[in-house]
Each structure stands twice: as structure tokens, then as C-alpha cells.
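Descriptive analysis of the structure
Chain by chain, the residues:
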Amino acid sequence: MTESNEHDPIITISHVWKYFGHLPALQDVSLEVSSGERVVIIGPSGSGKSTLLRSINRLEEIDKGEIMVEGQDIMSRENNINLIRRNLGMVFQQFNLFPHKTVLQNLTLAPIKLHKLSREEAEDRALGLLKKVGISDKANVYPAMLSGGQQQRVAIARALAMQPDIMLFDEPTSALDPEMVGEVLDVMVNLAEEGMTMICVTHEMGFARTVADRLIFMDQGQIVEAGKPDTLFTAPRHPRLRQFLNQIL
Ligand code: ADP
Ligand code: MG
């Protein structure tokens, strides 16, 4: 076995194709993400952004190509996808909290079951995370009692409770009322500053500009352009990116 080092990519996506029926949702997509890198993916609706994110933790099964996460081929039968997934935190547009569990229970369930933590250890970890996302006072309430922004912060804390190496965000602020977007982005900015490896699909261009090491523009299942956010915003090369930016900025 070869030793990994910090310069190795933590995720390698090579020539990936994914079809829904005859429709190619991903067409020959390749992308390498290094440890600690912040990648932001933008692109029009239907361009394959969610399919790409979901393929990384095998919520979608790719048809061709290869995806390596921390040196493991996620499609290989020899690798346990459940173990790989524990290092991949995912946050969705819809918060997907367990409605009949309290906030604290939402955060302690998986660590108790999968990390074999005692209840006390799991609660300590959970309370630390709730403090980090600014909702310590809501530990014992049910998700329905919370605003959308608070629910999404709980969802982020729940993902972090498994101490993942990588966080995947799929439009985490798209379902929120505008006044709640900032509180969720703040949590994501803090995570980025702590050095978390992140791949974020978002339409928040201010966030992309401040946080992204690399901005990726997808269209029709392909990565059309990638580079420093400033470069893509100020000097987009591809006409489809220019058109997209004109529509959203
Ligand atoms: P985005 O996240 O960029 O909006 P998606 O990855 O959700 O795009 O979708 C890419 C394409 O794949 C779209 O044409 C979409 O309709 C199609 N698609 C996504 N999920 C499914 C599915 N489960 N079944 C059939 N088609 C799908
Ligand atoms: Mg999507």
C-alpha cells in the first residue's frame, strides 16, 4: 500500500458518465479536489450539479468512469460504501432532519450508533456543535419549532457530528427565506476558515467569491469552465458562462 500525503487529491472524479434513461446527466466529468480545498459549483438548473454531488457518496450510481474518495474506489465491491460515507457529510436544500427527534437527538443518533459513543460523549459533542452553529438554546426542541435557517444550521451540525473529512453542500440556502440565508452562509464560511474540505453547489455568488478556491461552471452535464472565482466572474471565456452570469448577477 502506498502512503498518502497531503498533496494527494482527497476526491478524484475521472471521466464520469451518468444516464437517466437515455439522458446523460453527467458527460465525461473529471475533477480533482485536494484536502482543504473549497470548491463551489454553479450552473443552470438541470446541469447535473446535484447528480455530481450525489455520485460522490454513491447516492447515485455512475455508469462509467471512476470516483475515488480518500484513495478508495467508491464503486468497488471491496470497499464498504457505508464506511466511506461516514467521512462525507452532506447537507441538502431540504434540511431532512428527523422530525420526531429533538435537535440533540438528531445530532447524537449516528455518533452513538456508528462511532459507538456513549450518550454522554455524543451529547457533549453535539452541544459543542450546536454552540458552533449558534443554537445551543434549541437542543431540546423539535425541528418543527425552528425557523428554516435554524433547521439548516442543525442539519450542518448533524453532518459535522460524524466528524467528516469532507462536506458536500447542495444548495443549502435555496429553500430559505432571504433573511435567513446569511446565518447559514456564516456557518459555512466559518467551516471553510477552519480548513474543511468543501464542495458547495450554490447560487450565492458573494459566498463563491469569498470562499471558493476554485469555481466550477457546469452546463448540460459537463464542466464547461473552472478557475479562480474572480477570473470566472470578470473574464468568463465560455459564452454559456457569460450568459449564465448575465442572468443571475
Ligand atoms: P441540477 O442539480 O444542476 O439542477 P440535476 O443533477 O438535478 O441538475 O439533474 C441533471 C439532469 O438529470 C436533469 O435533466 C434532471 O432532470 C435529470 N435527473 C436528475 N435526477 C433524476 C432522476 N432521479 N430521474 C430522472 N432524471 C433525473
Ligand atoms: Mg440540484
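Residues numbered from 1 in each chain as written. Chains lettered and ligands numbered in written order. Predicted model: local features only at pLDDT ≥ 70, side-chain atom pairs only at ≥ 80, totals over all residues. Heavy atoms only, no water.

1. As for the side chain of Asp170
- As for its position among the elements, Asp170 is in strand E7 (residues 166–170).
- One buried charged residue, Asp170, forms no salt bridge at all, with the nearest opposite charge on Arg54 at 6.5 Å.
- Contact partners of Asp170, with chain neighbours within four places excluded, come to Ser50, Leu53, Met90, Val91, Phe92, Gln93 and Val201. (Helix = DSSP H or I, 4+ residues; strand = E, 2+ residues; numbered from the N terminus. Buried < 20%, exposed > 50% of the residue type's maximum accessible area, 1.4 Å probe, protein only. Lys, Arg positive; Asp, Glu negative; His and termini not counted. Salt bridge = Lys/Arg side-chain N within 4 Å of Asp/Glu carboxyl O. Contact = heavy atoms within 4.5 Å.)

2. Digging into the site of ligand 1
- Lining the immediate environment of ligand 1, one finds Phe20, Leu23, Ala25, Pro44, Ser45, Gly46, Ser47, Gly48, Lys49, Ser50 and Thr51.
- Here Gly48 contributes a backbone N or O atom positioned 3.1 Å from an oxygen atom of ligand 1.
- In the environment of ligand 1, an oxygen atom lies 2.7 Å from a nitrogen or oxygen atom belonging to the side chain of Lys49.
- In isolation ligand 1 offers 560 Å² of accessible surface; the protein chains occlude 58% of this area.
- Within the residue set of the shell around ligand 1, elements represented by two or more residues are strand E2 (23–34) and helix H1 (49–56).
- Its residues placed into classes, the shell around ligand 1 shows 4 nonpolar, 6 polar and 1 charged. (Near = heavy atom within 4 Å. Polar contact = N/O pair within 3.5 Å; in protein donor to acceptor, adjacent residues only side chain to side chain. Areas by Shrake-Rupley, 256 points an atom, 1.4 Å probe, with all protein chains shown as cover. Nonpolar A, V, L, I, M, F, W, Y, C, P; charged D, E, K, R; others polar.)

3. Observations regarding the packing of aromatic side chains
- This structure, assessed with the given rule, holds 2 aromatic pairs.
- When the centroid spacing of 6.2 Å and the interplanar angle of 15° are considered together, the rings of Trp17 and Tyr19 count as stacked.
- Taking the ring centre of Trp17 as reference, the NZ or CZ of Lys64 above it sits at 5.1 Å.
- Of note, Arg158 hangs over the ring of Phe98, and the distance from its end group to the ring centre comes to 4.8 Å. (Phe/Tyr/Trp six-rings, centres within 6.5 Å; stacked < 30°, edge-to-face > 60°. Lys NZ or Arg CZ within 6 Å of the ring centre and 35° of its normal.)

4. Some thoughts on unusual backbone geometry
- The phi dihedral of His15 is positive, around 50°, even though this residue is not glycine.
- Topologically, His15 is positioned in strand E1 (residues 9–20).
- The backbone of Asn96 sits at a positive phi, close to 55°, despite the residue not being glycine.
- Assessed through its relative accessible area of 45%, Asn96 is described here as partly exposed.

5. Thoughts on the sheet that holds E1
- Taken together, the 4 strands give an open sheet; going across it, the order is E2-E1-E4-E5, and neighbouring strands pair in antiparallel fashion. If you trace the sheet from one side to the other, it starts and ends with E2 and strand E5 (72–73), each paired once.
- Where E1 meets strand E4 (residues 64–69), 5 bridges bridge the pair, whose relative direction is antiparallel. Bridge assignment links Trp17 to a residue of E4, and that residue is Lys64. (Pairing = 2+ DSSP bridges.)

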